[in-house]
Amino acid sequence: MAETARRPDHRYGNRPTMKDVAARAGVGLKTVSRVVNGEPGVTPDTERRVQEAIQALGFRRNDSARVLRKGRTASVGLVLEDLADPFYGPLSRAVEEVARAHGALLINGSSAEDPEREQELALALCARRVDGLIVIPSGDDHRYLEPEMRAGVATVFVDRPAGRIEADTVLSDSFGGARAGVAHLVAHGHRRIGFIGDRPRIHTAAERLRGYRAAMEDAGLPVDDAWVSLGPTEPARVRAAVAAMLAGPEPVTALFAGNNRVTVTAVRELAGRTRPVALVGFDDIELADLLGITVIAQDAAALGRTAAERLFRRLDGLHEAPWRVELPTVLVPRGSGEVPPA
C-alpha cells in the first residue's frame, strides 16, 4: 500500500524573525528587541509573553546583523593545508581557543596544498567579512590578498612565509631542526644519510633540505644525489624512495624524514627489513614514544597560539612593521635515531 508523503510543517531556510515573534506575542517590534538584547523598559508579563513566543518559534538573534552594525563580524578565518593532517589539529585548536577568548568564531578550510584553492578559500572568507585571516600558504604569490589587507583584514601567515608581500609570519626553525637531527645521526656514526622530503617549492621542505646539507657539510661528508628525494608525500612515492636508498652495494645507513607523513611511511617500510636503519623524523607522530621513534618536535599549538595572538593584537589597533618570529624545535631521542650503522 502506497504511503502518502506528509507535507512538513516548516520550510528549511526560512527562519523566524523578530517580526514573527512580535506578531505571536502581540507586542511591538521594539519590545521584542529590548527583550532579546536584555534592555530595560519591559514589564515582567510582557517579557514572559515574548520569551514564550521565542521558544515556540525557535527564534535566535541574528548576531551577524548586530556585529556588522559595529563594523566587525567577530569571526576569523583559518586556511590550512590539510584538515586530516595530525599536525594541524593542535594548531587549529590553539587558534580556536584564542579566538574564543576574544569572543570570535573560527571558520577554517583546507587548501589541499593547491595554490588556486588557497586563493579561492581565502577570498571566500574575506567575502564573508571575516575580521582577520591566518593562512598556512600553499602558493608563493600572495599579492591577491593586498587589497583585502588594505581594506583592514588583519592577516598572519603561519608555518610558511607569505610570497611577494610583507606580512606577519610565525614559523618553526625548520633549518635548525633538520640540521640538529642530521648532526645527531652523524654523532652516532652514520656517514651515508638519506633525506626524504616534501615538494621542493614548499618553504619548510626547502629549509629542512638546507639543514640536512648544512649538517653534512659541517661533518665534512659528501651528499650523493641518490640520497636526496623530494616530492609528494604519498606512501607509494616515499616507499620507492626508501627502497632506492637502501638498494645497491653502498646503501644509506640512516634516514632523515622531512615531515610526519614521510616518517609514518618510512617506519612501515623499515619494519619489514632485517638490516637495522637509523631514522629521525621531523614532526612528532602519534605513538612515536611507544615505537621508539626519534623526532625533531615542533610545537604546533604554540605556532597557532602565537599567530592568533598576533592577529588579535592587529585587530585591537597594533600598527607596526610586519613581524616575523621563529619558534625553536626540540630533538627527542627515543631509540630509532641512536641505532649505529650496520
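Conventions and cut-offs
Residues numbered from 1 in each chain as written. Predicted model: local features only at pLDDT ≥ 70, side-chain atom pairs only at ≥ 80, totals over all residues. Heavy atoms only, no water. Patch = residues over 30% accessible without salt bridge, like charges linked within 9 Å, V, L, I, M, F, W, Y side chains within 5 Å. Areas by Shrake-Rupley, 256 points an atom, 1.4 Å probe, with all protein chains shown as cover. Salt bridge = Lys/Arg side-chain N within 4 Å of Asp/Glu carboxyl O. Helix = DSSP H or I, 4+ residues; strand = E, 2+ residues; numbered from the N terminus. Buried < 20%, exposed > 50% of the residue type's maximum accessible area, 1.4 Å probe, protein only. Contact = heavy atoms within 4.5 Å. Pairing = 2+ DSSP bridges.

The name an unreviewed UniProt entry assigns to the protein chain is LacI family DNA-binding transcriptional regulator, from the organism Streptomyces tamarix.

### Some points on a nonpolar patch on the surface
A grouping of Leu287, Leu290 and Leu291 is seen on the molecular surface, where their side chains present a nonpolar patch of about 340 Å² in accessible area. When you line up the elements, Leu290 lands in helix H12 (residues 288–291). Relative accessible area serves as the criterion here: at 69%, Leu290 is assigned to the exposed category.

### A short note on the environment of Arg199
Of note, Arg199 is situated in the loop between strand S6 (193–197) and helix H9 (203–218). Spatially, the C-alpha atom of Arg199 lies 8.0 Å from that of Thr233, the residues being 34 residues apart in sequence. Look past the residues within four positions of Arg199 in its chain and what remains in contact with it is Glu113, Ala205, Gly231 and Pro232.

### So, the pairing of strand S10 (residues 294–297)
Burial along S10 is two-sided: Thr294 and Ile296 facing one way and Val295 and Ala297 facing the other are all buried. Relative to S10, strand S9 (residues 278–282) runs parallel, the two sharing three bridges. Following the sheet pairing, Gly281 is matched in S10 by Val295. Both S10 and strand S12 (residues 330–332) contribute to a ladder of three bridges, which runs antiparallel.

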